[in-house]
Every structure is written in C-alpha cells, then in structure tokens.
Amino acid sequence: MRLIDPHVHMYSRTVDDYERMSLSGIEIVVEPAFWLGSERTSVHTYYDYFRHILDFEPARAKKYDIEHYSCIAANPKEANNLELALQVVEGMEPFLEHPRCLAVGEIGFDKITDAEEVVMRRQLELAKKMDMLVMVHIPHFNKREGTRRTIAILKEIGMRPEKVLLDHNIEETVDLALEYGAWAGMTIYPGKITPERAIAIMKQHGTDRVMINSACDWGPADPISVPRTCKRMKEAGFSQEEIQKVVWNNPYEFYKMSGKLNV
C-alpha cells in the first residue's frame, strides 16, 4: 500500500513524527501554508516561513525517505489582517514558481468575513493567471454556507473544478464539492472528522475524487491518521483497490496536474 498525506503542517511537528510517518508507509507529504500560532509582525515573516517549508522541510523529510512538497498562500486564518495579507499576496509569485510548490493554498474562509473573501479572490486570480492548482480550506463553522459561498466564488473567477481541492469536508459538504467537480478532502483529526465518519461518507458517495489527510499541526493531531484509517477501511470491507485510490491515486492525480510532482 502506497500512502500520501496530502495536507500536513510539518513546521509544527518533530522529527519523531517524520519517523513514525515513514515507518507507517507514507512516501509523500504536502504542506499547505499555515498560521504561526501567534500574530505575524511583517510581510517578511511570511516570506521566511515560505522559504522554510519550500527548502528546509524537504531536506528534513528526506532523511526519513519522505518527499515533501508545499502549497503557498496567505492562510485564511490570517486573512483578517487585510493590509498585511494583501502585501503577502503581492510578493507570492516567486514562491509559487518554486519547484516544490504544487498549488496555491490553503486559501478560503475561516470566519467567513469580507476580508477573507478579498484575500481569497486575489489569490484565485493569481492562481488562474499562473494556471495553478488551488487547495481550498472550507470553514470549520457554518460549513455548508461557507462551502456554497466558496464554490460560487470559484465559479465566478472561472477556476476549472478539476484543478480545485476543497478540504475539511464533512457529511454536509461532500455532495457540494463533488457536484461542483472538485476533489474532496476529509481531515481525520479530533474535532473535525473520525475515521468512522469518513468511512460512512465514502460508503455513501464512493471513492472517486475523494482523499483523506491528517492536517497535523499545533493541535492534538495524529500524523499517522491516514494509515490508521486505511486499516479501518479494510475492516469495513473496502477493497485494496478502493483504499489505494483514496490514499495514493487520488491525491497523486490531483497534485500531478501541477507538473512538479516527481516521485
């Protein structure tokens, strides 16, 4: 079984986590741009962070036989500092061109504010200009409303649905993501979704264009929740082919469209 974790925040994790992930069979991780856990003080803190996840983390991961890639963005959790977020977007293009950057992300809504929408739109326009993939964070609250509003914006900007990953889906949003034509990510994380709920969703909606991730970060995340869920899927009666589609084929096919995934 080959494994990808398509959404991790290894900036906040230890080398022990890389070792556990490697021993569990994870070969590739993708790290979307994240918040630092504290207020940023200038645009340069973003740029230093981008350099860290594009250059330092791949070297750290390689020691454990893991290929590390990133997505670059002004994260929605930090978008409400509008002036600073827009400064970040203005200087993002060189980082998006980096060979380890697979997509613009994660972008989207956190509290579903006007400022978040401005920052999302600006980054979608940049992604469209550069013909890049987009990794979208749907909000953790008012999820269906936030997902509908996000999809409406994606359509208005003219994004190609097959180049969009809508992440953090639960039961009330998966149908919207799949009907739109995007890829649907589910985050196996305390307070987000359990393996059992993800399995029930896949039994209802199938495994086409669906993927799972740990989104391991500063919180009580499990960096090996993807391989743990594989085991639960097998116990629930999913075939080897179906499991492989969810944990390797689908994320690989999505990120391969970047033209930069080389594993």
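Scroll up a little and you will see the structure.
Let me sum up the structure you'll find in this document. Since we're looking at a predicted model, the values are computed, not measured. (Residues numbered from 1 in each chain as written. Predicted model: local features only at pLDDT ≥ 70, side-chain atom pairs only at ≥ 80, totals over all residues. Heavy atoms only, no water.)

Further remarks concern the overall build of the protein. What the protein contains, in helices and strands, is ten helices and eight strands. Here the C-alpha atoms of the protein give a radius of gyration of 17 Å, agreeing with the 18 Å that 2.2 N^0.38 yields for 263 residues. Each principal axis of the C-alpha atoms in the protein carries an extent, and together these give about 50 × 40 × 35 Å. Each of the 263 residues in the protein was classed as buried or not, and the buried ones make up 58%. The contacts in the protein between residues at least 6 apart in sequence include a share of 76% that link residues at least 24 apart. In the structure as shown, the protein presents an accessible area of about 10800 Å², 50% of it carried by carbon and sulfur atoms. Averaged over its 33 positive side-chain charges, the protein has a centre that lies 2 Å from the centre of its 40 negative ones. (Helix = DSSP H or I, 4+ residues; strand = E, 2+ residues; numbered from the N terminus. Rg over C-alpha atoms; globule rule 2.2 N^0.38 Å. Buried < 20%, exposed > 50% of the residue type's maximum accessible area, 1.4 Å probe, protein only. Contact = heavy atoms within 4.5 Å. Areas by Shrake-Rupley, 256 points an atom, 1.4 Å probe, with all protein chains shown as cover. Lys, Arg positive; Asp, Glu negative; His and termini not counted. Charge placed at Lys NZ, Arg CZ, Asp CG, Glu CD.)

The next subject is the state of the cysteines. Per the counting criterion, the structure on display carries zero disulfides. Looking at the unpaired Cys71, the closest cysteine sulfur is the one in Cys101, lying at 6.4 Å. On the basis of relative accessibility, which here comes to 0%, the residue Cys71 falls in the buried class. (Disulfide = S-S within 2.5 Å.)

The peptide bond linking Gly105 to Glu106 adopts the cis configuration, its omega dihedral lying at -5°. Locating Glu106 in the fold gives a position in strand E4 (residues 101-108). Backbone geometry places Ile112, a non-glycine residue, at a positive phi of 60°. Position of Ile112 among the secondary structure elements: in the loop between E4 and helix H5 (114-130).

This part covers the sheet that holds E4. Strand order across the open sheet formed by eight strands is E1-E2-E3-E4-E5-E6-E7-E8, with parallel pairing between neighbours. Across the chains shown, the open sheet's two edge strands, defined by having one partner strand only, are strand E1 (3-5) and strand E8 (210-213). The sheet shows a mean angle of 25° between the axes of neighbouring strands, taken without regard to direction. Looking at chain direction, E4 and strand E5 (residues 133-137) are connected through five bridges and run parallel. Bridge assignment links Gly108 to a residue of E5, and that residue is His137. (Pairing = 2+ DSSP bridges. Axes fitted to C-alpha atoms, helices over the stretch in contact; angles between N-to-C directions.)

Right, let's get into the packing of aromatic side chains. The final tally for this structure, using the stated rule, is twelve aromatic pairs. Measuring from centroid to centroid gives 4.9 Å for Phe254 and Tyr255, while their planes differ by 65°, and the two rings are edge-to-face. The class of Phe254 is buried, set by a relative accessible area of 0%. The exposure class assigned to Tyr255 is buried, which follows from its relative accessible area of 1%. (Phe/Tyr/Trp six-rings, centres within 6.5 Å; stacked < 30°, edge-to-face > 60°.)

Counted by the stated rule, this structure contains 24 salt bridges. Of the charged contacts, one joins Asp48 and Arg51 as a salt bridge, the two residues approaching to 3.2 Å between their closest N and O atoms. In this pair, Asp48 and Arg51 are both assigned in helix H2 (residues 43-62), three residues apart and thus about one turn of the helix distant. Judged by relative accessible area, which is 48%, Asp48 ranks as partly exposed. Of the charged contacts in the structure, one is a salt bridge between Glu162 and Arg160, with a shortest N-O distance of 2.8 Å. (Salt bridge = Lys/Arg side-chain N within 4 Å of Asp/Glu carboxyl O.)

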